[in-house]
Amino acid sequence: MPAPQCASCHTARAALRRPRSGQALCGACFCAAFEAEVLHTVVAGRLLPPGAVVAVGASGGKDSTVLAHVLRELAPRLGISLHLVAVDEGIGGYRDAALAAVRRQAARWDLPLTVVAYADLFGGWTMDAVARSTAGSGRSRACCTFCGVLRRRALEEGARLVGATHVVTGHNADDMAETVLMNFLRGDAGRLARGGGLGSPGEGGALPRCRPLQLASQKEVVLYAHFRRLDYFSEECVYAPEAFRGHARDLLKMLEAARPSAVLDLVHSAERLALAPAARPPPPGACSRCGALASRALCQACALLDGLNRGRPRLAIGKGRRGLDEEGPPREPQPSRLTTSEPVPDF
Ligand code: SF4
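Residues numbered from 1 in each chain as written. Predicted model: local features only at pLDDT ≥ 70, side-chain atom pairs only at ≥ 80, totals over all residues. Heavy atoms only, no water.

A few points about the overall build of the chain
Consideration 1: Each helix and strand counted, the chain has 13 helices and 10 strands in total.
Consideration 2: A sequence separation of at least 24 residues applies to 71% of the contacts in the chain between residues at least 6 apart.
Consideration 3: Accessible surface computed for the chain: about 16,200 Å², of which carbon and sulfur atoms make up 54%. (Helix = DSSP H or I, 4+ residues; strand = E, 2+ residues; numbered from the N terminus. Contact = heavy atoms within 4.5 Å. Areas by Shrake-Rupley, 256 points an atom, 1.4 Å probe, with all protein chains shown as cover.)

Put into structure tokens, the structure is as follows:
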């Protein structure tokens, strides 16, 4: 049976059915609709004002590749300028190839690119070194906890370095729904309360941060990359199989099979969530070490680095965090250029 006509232009043959609406569109009309929806998200949410210098968190993966491409298409209408900022976490056998994809994108799209490395920012710590430190006798399951916090901080540092006024990341609706599920499963009321909305306005001196693809499904991000023939890196990080996020992803797939709207329903649930007064975290203060926003004596990044420098990395995770704040200075202090607000792990 021949493909139906595109429901938008009524001339070309449809190349896909939109996963959510079922609308049959040709590739060109789908890409135009996708870009229009991202534009609407940015304009309606007042995420990026005219004149903004936008640091795009670029990992070489599909989400940040699509985000950079769409924002480059929209930049003249929005009146913004873009700067790619990539983070080198120091993950052997993975990050070098991903960074090569980012460099190709920057060259092809004629966008400036800055790479910041964990090793330079965090006193020599790379993710491979963190993994060895946290593994004990087996494989480390804590890598993504450390990496999520440090990556957020590194991206902020990189954005400041290039004079950005705003930070954008490529998280899509599926990523956000997984995060909501993870926070529920962990009973983490503080992150649930902070996780709604399309971004953060930049509390405590941090740069405003937003996620223009937050309402776009992962399937449509992949379809957009396909029809625009985007070159991206698709291998999984070597530490990803150990991450708790994988369980949330599996659970989300089951939920979506039973209820196709489950992903967006979860995203919108987080936006509307209101915590009872007794469950609300105390208002944040300033990290005693770097001055960033912190709900304890040390912000998350300083606490994690402190635990690593003491040779007791798990102190900074979960309940052990309390002990870390109460202990003295680390045995081997290492230089750190941390200056920004307390991060919330994205991974
Ligand atoms: Fe970092 Fe985990 Fe992502 Fe790997 S999978 S880059 S360790 S957050």
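Don't stop here, the text continues.
A closer look at helix H12 (residues 300-310)
Consideration 1: The buried fraction of H12 is high, at 11 of 11 residues.
Consideration 2: Where H12 is concerned, the buried positions are Gln300, Ala301, Cys302, Ala303, Leu304, Leu305, Asp306, Gly307, Leu308, Asn309 and Arg310.
Consideration 3: Glycine 311 occupies a position one or two residues after H12 and carries a positive phi of about 75 degrees. (Buried < 20%, exposed > 50% of the residue type's maximum accessible area, 1.4 Å probe, protein only.)

Section: the packing of helix H6 (residues 143-161) against H12
Consideration 1: Relative orientation of the contacting elements H6 and H12 amounts to 125 degrees, with a least axis distance of 9 Å. By the angle between their directions, the pair H6 and H12 is classed as oblique. Taken as a pair, H6 and H12 cross one another with a handedness that is left-handed. Touching Thr145, Phe146, Val149, Leu150 and Arg153 of H6 are Gln300, Ala301, Leu304, Leu305 and Leu308, all from H12.
Consideration 2: The residue makeup of the contact of H6 with H12, split by class, is 7 nonpolar, 2 polar and 1 charged. (Axes fitted to C-alpha atoms, helices over the stretch in contact; angles between N-to-C directions. Parallel < 35°, antiparallel > 145°, perpendicular 65-115°, else oblique. Left-handed = near helix turned anticlockwise from the far one by under 90°. Nonpolar A, V, L, I, M, F, W, Y, C, P; charged D, E, K, R; others polar.)

Here's the deal with the confidence of the model for the chain
Consideration 1: Taken as a whole, the chain shows an average pLDDT of 86; of its residues, 87% reach a score of 70 or greater.
Consideration 2: Predicted confidence is poor over residues 319-347, with pLDDT under 50, and the contacts of this stretch with residues over four places away or in other chains come to 98 contacts. (pLDDT = per-residue confidence, 0-100.)

Let's talk about the side chain of histidine 171
Consideration 1: Positionally, histidine 171 belongs in the loop between strand S6 (166-168) and helix H7 (173-186).
Consideration 2: The buried category is assigned to histidine 171, whose relative accessible area is 9%.
Consideration 3: Only 2.9 Å separates the side chain of histidine 171 from the side chain of threonine 169, close enough to count as a polar contact. (Polar contact = N/O pair within 3.5 Å; in protein donor to acceptor, adjacent residues only side chain to side chain.)

Observations concerning the environment of proline 2
Consideration 1: By the secondary structure assignment, proline 2 is in the segment before strand S1 (16-17).
Consideration 2: A residue is classified by how much of its surface remains accessible, and proline 2, at 63% relative accessible area, is exposed.
Consideration 3: With 12 residues separating them along the chain, proline 2 and alanine 14 place their C-alpha atoms 9.6 Å apart.

Considering unusual backbone geometry
Consideration 1: Of note, the phi angle at arginine 46 is positive, near 50 degrees, even though the residue is not glycine.
Consideration 2: Within the secondary structure, arginine 46 is located in the loop between helix H1 (27-44) and strand S3 (53-57).
Consideration 3: Look at arginine 46 and you get exposed, because its relative accessible area is 76%.
Consideration 4: Despite not being glycine, arginine 229 has its phi angle at roughly 55 degrees, a positive value.
Consideration 5: Assignment of secondary structure puts arginine 229 in the loop between helix H9 (218-227) and helix H10 (245-258).
Consideration 6: By relative accessible area, which is 76% here, arginine 229 ends up exposed.

Some thoughts on the packing of aromatic side chains
Consideration 1: Summed over the entire model, instances satisfying the criterion amount to 5 aromatic pairs.
Consideration 2: Seen in terms of ring centroids, phenylalanine 30 and phenylalanine 34 are 6.0 Å apart; in terms of plane orientation they differ by 50 degrees. Their pairing is tilted. Residue phenylalanine 30 and its partner phenylalanine 34 are both found in helix H1; the two are separated by 4 residues, about one turn of the helix. The two residues phenylalanine 30 and phenylalanine 34 agree in class, both being buried.
Consideration 3: Ring-pair connections join several aromatic residues into one group, and the members of that group are Phe30, Phe34, Tyr224 and Phe227. (Phe/Tyr/Trp six-rings, centres within 6.5 Å; stacked < 30°, edge-to-face > 60°.)

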